[in-house]
Amino acid sequence: MDLEYMKRALTLAKKGSGFTNPNPLVGAVIVKNNKIIGEGYHERYGGPHAEINAFHNATEDVTGATMYVTLEPCSHYGKTPPCADAIVKKGIKRVVVATQDPNPLVAGKGIQILRDHGIEVHTGILEKESQKQNEIFNKYITTGLPFCLLKTAMTLDGKIATGTGDSKWITNEASRAYVHTLRHRYCAIMVGIGTILTDNPYLNTRISGSICSDPIRIVVDTRARLPLDANILHMNSSARTILATTNLASLEKLSQLEAMGIEIIVTPLENAQVDLRYLMKELGKKKIDSILLEGGSELNYSALSSGIVDKVNAFIAPKIIGGSNAKTPVGGFGIDKMNNAIFLHSIEVKIFGNDIMIEGYIKGECE
């Protein structure tokens, strides 16, 4: 039954998606006499952890029970007291942990506290599933850098727009709805200035009938060409907007943007453009743990060639438009030899109506 209870804990953990960043997703289930008597999950950043919520929701005394938790209970004081201490005080007899916490402040210490107090601890139950669920947290807590997902949408012949620039819509409603769940899950959305000038998007989250949050909006704009009347600058949204630029930008323009509440990050030049690796470090310092990259072909190439991309979601619609001038998802200089092509691993294929989405990793936890 350990597998079934841990699956339930993972399902609970998922409910926190989009609300706990930069904290992990965690679910907990308390079982006594082969019956679930308490459940909880980490609901929001700064709020009680999954274990504490499970105790609060318990329907009877938890003494002697088994707790299933998707991530090692914390052992340090952060926004809340250590969960490992609470588990000891509550008299839990057995704890089943999916995976050890990669946070250096925890990293096995929580499990050791439990064992030191005579609690039976089992680890590794649905470990891979738990690690994938927290792939964002795992990278950010160990490197200080955001986890980056590159999302593209193209036709069957590999085009992201017609030769005239028309791109609405390549994919169907189901695919676009899924992208909005990604916008809710990821802390920030990043685009290039070309996307702003061409499409003038809002870069918000639209999920019908659901409470959701808008991502932080990041515009990569080497010369600060962002129009002062762009939609993203005039939205009823609490999400911040960040302009990533360089010393090629006009100081007057930057002052105007700052006066409108826009955060400015000035990076060194890398190939006459924004240095994306430098940018990732600065965004990490701002507690931005994840980025959904919805760039055009040039930004996509720059992101891939700079090595900041961890994962790819490539949507493919069963449409053919042709056109030698129609843009493809990745532009730039390209790869000289096939042997040097960027290779995806751990591939999954998902279907959204008639659309296909290929998901794969470039590097990271899920190799």
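Owing to the predicted nature of the structure, the values given are computational and were not obtained by experimental measurement. Each chain carries its own residue numbering, running from 1 in the direction its sequence is written. Local features in a predicted model are, by the rule used here, given only for residues with pLDDT of at least 70; side-chain atom pairs are given and counted only at 80 or more, and totals for whole chains, interfaces and linings are based on all residues. For side-chain calculations, the full set of non-hydrogen atoms in the structure is used, while hydrogens and water are omitted.

1. Quick look at the pairing of strand β8 (residues 216–220)
- The classification of residues rests on relative accessible area computed with a 1.4 Å probe and restricted to protein chains. Under 20% of the type maximum is buried, over 50% is exposed, and intermediate values are partly exposed. Strands are runs of DSSP state E lasting at least two residues, helices are runs of H or I lasting at least four, and both sets are numbered from the N terminus onward. The buried fraction of β8 is high, at 5 of 5 residues.
- Residues of β8 alternate between two faces, with Ile216, Ile218 and Val220 on one and Arg217 and Val219 on the opposite face, all of them buried.
- Here strand β7 (residues 188–192) runs beside β8; their pairing, made up of 5 bridges, is parallel. Residue pairing across strands places methionine 190 opposite isoleucine 218, the latter belonging to β8.
- As defined by bridge partners, β8 adjoins strand β9 (residues 241–245) across 4 bridges and the pair is classed as parallel. Across the sheet, valine 220 pairs through a bridge with alanine 244, a residue of β9. Here, any two strands with at least 2 DSSP bridges between them count as paired.

2. Focus: the sheet that holds strand β16 (residues 355–361)
- One open sheet holds the 9 strands; their spatial order is β10-β9-β8-β7-β13-β6-β14-β16-β15, and the pairing between them is mixed. Edge positions in the sheet fall to β10 (263–266) and β15 (345–352), since each of these pairs with one other strand and no more. Across the sheet, the axes of successive neighbouring strands diverge by a mean angle of 20 degrees, strand direction being ignored.
- For strand β6 (residues 147–155) and strand β14 (residues 311–317), the ladder comprises 7 bridges, and the chain directions are parallel. Residue pairing in the sheet places methionine 154 in a bridge with isoleucine 316 of β14.
- Those strands touched by helix α10 (residues 276–285) are β7, β8, β9, β10 and β13 (290–293), and its axis lies near 135 degrees from that of β10. Axis lines are fitted to C-alpha atoms, over the contacting stretch for helices. Their N-to-C directions set the angle, which ranges from 0 to 180 degrees. Residue contacts follow a heavy-atom distance rule, with two residues in contact if any of their heavy atoms lie within 4.5 Å.

3. Quick look at the layout of surface pockets
- Cavities and pockets were defined on a 1 Å grid built from protein atoms only: a cavity is a group of points that admits a 1.4 Å probe but offers it no way out, a pocket is an open group of points flanked by protein on both sides within 12 Å along at least five of seven lines, and a lining residue is one with an atom within 4 Å of any such point. Grid points are joined across faces, edges and corners, and a volume is the space filled by probe spheres set on the points. What the second largest pocket holds in volume is close to 750 Å³.
- Along the walls of the second largest pocket sit 24 residues, with Lys14, Ser17, Gln133, Tyr178 and Arg185 positioned nearest its centre.
- Only α1 (2–14), α5 (127–133), α6 (135–143), α7 (173–185), β14 and β15 provide two or more residues apiece to the lining of the second largest pocket.
- Sort the elements by how many residues they give to the lining of the second largest pocket and α7 lands first, with 5 residues.

4. Describing the UniProt feature "binding site: substrate" (unreviewed entry) in the protein
- UniProt positions are given in the numbering used here, feature names are shortened, and annotations may be inferred rather than shown by experiment. Summarizing the sequence annotation, UniProt attributes the feature "binding site: substrate" (unreviewed entry) to Ser167, Arg183, Leu203, Arg206 and Glu294 in the numbering used throughout.
- For arginine 183, the position within the fold is in helix α7.
- Using a relative accessible area of 10% as the deciding quantity, one classes arginine 183 as buried.
- Sequence-distant contacts of arginine 183, that is, excluding residues within four places in its chain, are made with Ile189, Leu203, Asn204, Thr205, Ser213, Pro215, Leu292 and Glu294.
- Assignment of secondary structure puts glutamate 294 in the loop between β13 and α11 (297–306).
- Look at glutamate 294 and you get buried, because its relative accessible area is 13%.
- Excluding residues that lie within four positions of it along the chain, glutamate 294 makes contacts with Lys151, Val179, Arg183, Ile189, Met190, Val191 and Thr195.
- Under this definition, polar contacts are N or O atom pairs within 3.5 Å; protein pairs additionally need one hydrogen-donor-capable and one acceptor-capable atom, and for neighbouring residues in sequence, both atoms have to be side-chain atoms. Within the structure, the side chain of glutamate 294 is placed 3.1 Å from the side chain of arginine 183, a separation counted as a polar contact.

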